[in-house]
Amino acid sequence: MIALEVGNLNGLILFFVLIMVGPPILFAIIGLSIKKGNPKAAKVLFVLAVVYLIVGLGICGGLIS
């Protein structure tokens, strides 16, 4: 089954959702894994995750709706 058939844009919507929430989840997981060894770097990754999520939801969320 082809994900992007004419009239079926579910694959495109899934792509935008993954772009919106994928990297912030990845940043948060990496931040949690290095929190004990390097708390400053973990804090930077958490801030990056939140900023990326806000920007991603704003830009990609505006495109979807």
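Owing to the predicted nature of the structure, the values given are computational and were not obtained by experimental measurement.

(A) Local environment of a nonpolar patch on the surface. Where nonpolar side chains cluster on the molecular surface, the patch consists of Leu9, Leu12, Phe15, Ile19 and Tyr52 and spans about 430 Å² of accessible area. The greatest single-element share of the nonpolar patch, amounting to 3 residues, is contributed by helix 1 (residues 10-34). For Ile19, the position within the fold is in helix 1. Classification of Ile19 as partly exposed rests on a relative accessible area of 35%.

(B) Main features of the environment of Ile34. Residue position: Ile34 is located in helix 1. Beyond its immediate chain neighbours, meaning those up to four positions away, Ile34 contacts Pro39, Ala41, Ala42 and Leu45.

Here is what the cut-offs are and how they apply
Residues numbered from 1 in each chain as written. Predicted model: local features only at pLDDT ≥ 70, side-chain atom pairs only at ≥ 80, totals over all residues. Heavy atoms only, no water. Patch = residues over 30% accessible without salt bridge, like charges linked within 9 Å, V, L, I, M, F, W, Y side chains within 5 Å. Areas by Shrake-Rupley, 256 points an atom, 1.4 Å probe, with all protein chains shown as cover. Salt bridge = Lys/Arg side-chain N within 4 Å of Asp/Glu carboxyl O. Helix = DSSP H or I, 4+ residues; strand = E, 2+ residues; numbered from the N terminus. Buried < 20%, exposed > 50% of the residue type's maximum accessible area, 1.4 Å probe, protein only. Contact = heavy atoms within 4.5 Å.

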